[in-house]
Amino acid sequence: MDAGLIAPVVIAAALYSGEGFHGPRLLSADEIDAAFDELNLRQVLALLRSWDFDVLATAPFMTPMIKQEAGPVMVHQVVTAGRHQVTAPWLWRGPRPGPLRTAIHDRLSSGQAPETIAAVRVPTLTPAGFATLRSWLDTAACRRSVRSVVAVSATGVRVPLRELLTVLGLTTEDLSPLVERAVSRPVEGSAADRRTAATLRQGL
């Protein structure tokens with residue numbers, strides 16, 4: 001990480017760590033993603049969280065702040081409607097869209113290998129969860145064309161899993177332990193179990 005970029009954060013931390021200081025540890029940043037690439041931004045957000053900063057930041061989209069390292073985030077999204085602009089508030093509590101993790105758990109339990117799953121279909125998803133996924137996955141080109149990669153149909157919401165893992169900084173090896181913790185039950189690999197049982201029956 002560039003020391004010149006992180007210096008203001010270090011100075012602010014030193015200021016708030018002075019003897020006798022009691023109060024919020026506030027840091028304001030205009031376009032917080034402008035000076036950092038993806039990896040450095042995640043490092044900075046993790047650092048700000050570990051140092052207990054209250055951060056007030058602007059960004060061109062919600063995506064820069066919707067990172068697992070940021071933790072809970074209150075977003076005021078500016079929406080343009082004709083000649084008017086309004087803000088739509090979102091409270092993001094971290095990367096935990098429950099129905100999505102349940103859908104991934106079900107796919108893994110069916111015996112499918114994590115690296116072969118390109119996308120999962122979620123039957124129901126809350127508006128906040130849908131907005132979070134769009135903020136993560138839709139590029140600027142998607143927004144200009146008003147075509148989201150998080151596709152909605154009569155059977156549910158299609159979520160591109162590989163792209164989601166990339167955004168969250170995860171790999172396919174992280175999937176099983178992640179969803180097992182989320183739904184509080186192990187990935188059973190039922191399809192593999194059925195194949196093993198069928199082989200044993202044929203042997204008998």
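Now for a look at the structure at hand. Everything numeric here is computed off the predicted structure, so don't read it as measured data. (Residues numbered from 1 in each chain as written. Predicted model: local features only at pLDDT ≥ 70, side-chain atom pairs only at ≥ 80, totals over all residues. Heavy atoms only, no water.)

Unusually for a residue other than glycine, Glu31 sits at a positive phi of about 50 degrees. Relative to the helices and strands, Glu31 is located in the loop between strand 1 (26–29) and helix 2 (38–50). The backbone of Asp52 sits at a positive phi, close to 60 degrees, despite the residue not being glycine. Residue placement: Asp52 occurs in the loop between helix 2 and strand 2 (54–57). Given the relative accessible area of 54%, Asp52 is considered exposed. (Helix = DSSP H or I, 4+ residues; strand = E, 2+ residues; numbered from the N terminus. Buried < 20%, exposed > 50% of the residue type's maximum accessible area, 1.4 Å probe, protein only.)

Moving on, we come to the packing of helix 4 (residues 127–137) against helix 6 (residues 161–168). Packed helices, taken two at a time, are described by the angle their axes make and the gap between the axes. Running from N to C, helix 4 and helix 6 cross one another at 80 degrees; their axes reach a closest spacing of 10 Å. Taken together, the axes of helix 4 and helix 6 lie roughly perpendicular to each other. Facing helix 4, whose interface residues are Leu133, Trp136 and Leu137, helix 6 presents Glu163, Leu164, Val167 and Leu168. Taken together, the residues of the contact of helix 4 with helix 6 break down into six nonpolar, no polar and one charged. (Axes fitted to C-alpha atoms, helices over the stretch in contact; angles between N-to-C directions. Parallel < 35°, antiparallel > 145°, perpendicular 65-115°, else oblique. Contact = heavy atoms within 4.5 Å. Nonpolar A, V, L, I, M, F, W, Y, C, P; charged D, E, K, R; others polar.)

A few words on the sheet that holds strand 6 (residues 151–153). Strand pairing in a sheet relies on backbone hydrogen bonds, with the paired strands running either antiparallel or parallel. Read across the sheet, three strands follow the order 5-7-6 without closing on themselves; strand pairing throughout is antiparallel. In the strand order of this sheet, the two ends are held by strand 5 (119–122) and strand 6, each with one partner. Taken over all neighbouring pairs, the strand axes of this sheet differ in orientation by 25 degrees on average, direction set aside. Strands in contact with helix 6 are strand 5 and strand 7 (156–160); relative to strand 7, the strand with the most contacts, it is inclined by about 60 degrees. (Pairing = 2+ DSSP bridges.)

What follows covers the pattern of salt bridges. If charged atoms from side chains of opposite charge come close, those side chains can pair. Applying the stated criterion to the full structure yields two salt bridges. For Arg185, the salt bridge goes to Asp106, with nearest N and O atoms at 3.7 Å. Pair noted here: Arg185 is in the loop between helix 7 (175–183) and helix 8 (190–203) and Asp106 is in helix 3 (residues 98–109), with a separation of 79 residues, a long-range link. The exposure class of Arg185 is partly exposed, given its relative accessible area of 36%. We classify Asp106 as partly exposed; its relative accessible area is 42%. (Salt bridge = Lys/Arg side-chain N within 4 Å of Asp/Glu carboxyl O.)

Before going further, it helps to spend a moment on the environment of Asp54. The topology assignment puts Asp54 in strand 2. Judged by relative accessible area, which is 42%, Asp54 ranks as partly exposed. For Asp54 and Leu27, which are 27 residues apart along the polypeptide, the C-alpha to C-alpha distance reads 6.2 Å. If sequence neighbours within four positions are ignored, Asp54 has contacts with Pro24, Arg25, Leu26 and Leu27.

This part is about the pairing of strand 4 (residues 84–92). Where strand 3 (residues 73–81) and strand 4 come together, nine bridges link them in antiparallel fashion. Residue pairing in the sheet places Val73 in a bridge with Trp92 of strand 4. Two successive antiparallel strands, strand 3 and strand 4, enclose a turn made up of two residues, where Gly82 displays a positive phi of approximately 65 degrees.

Just distances and angles here, no functional claims.
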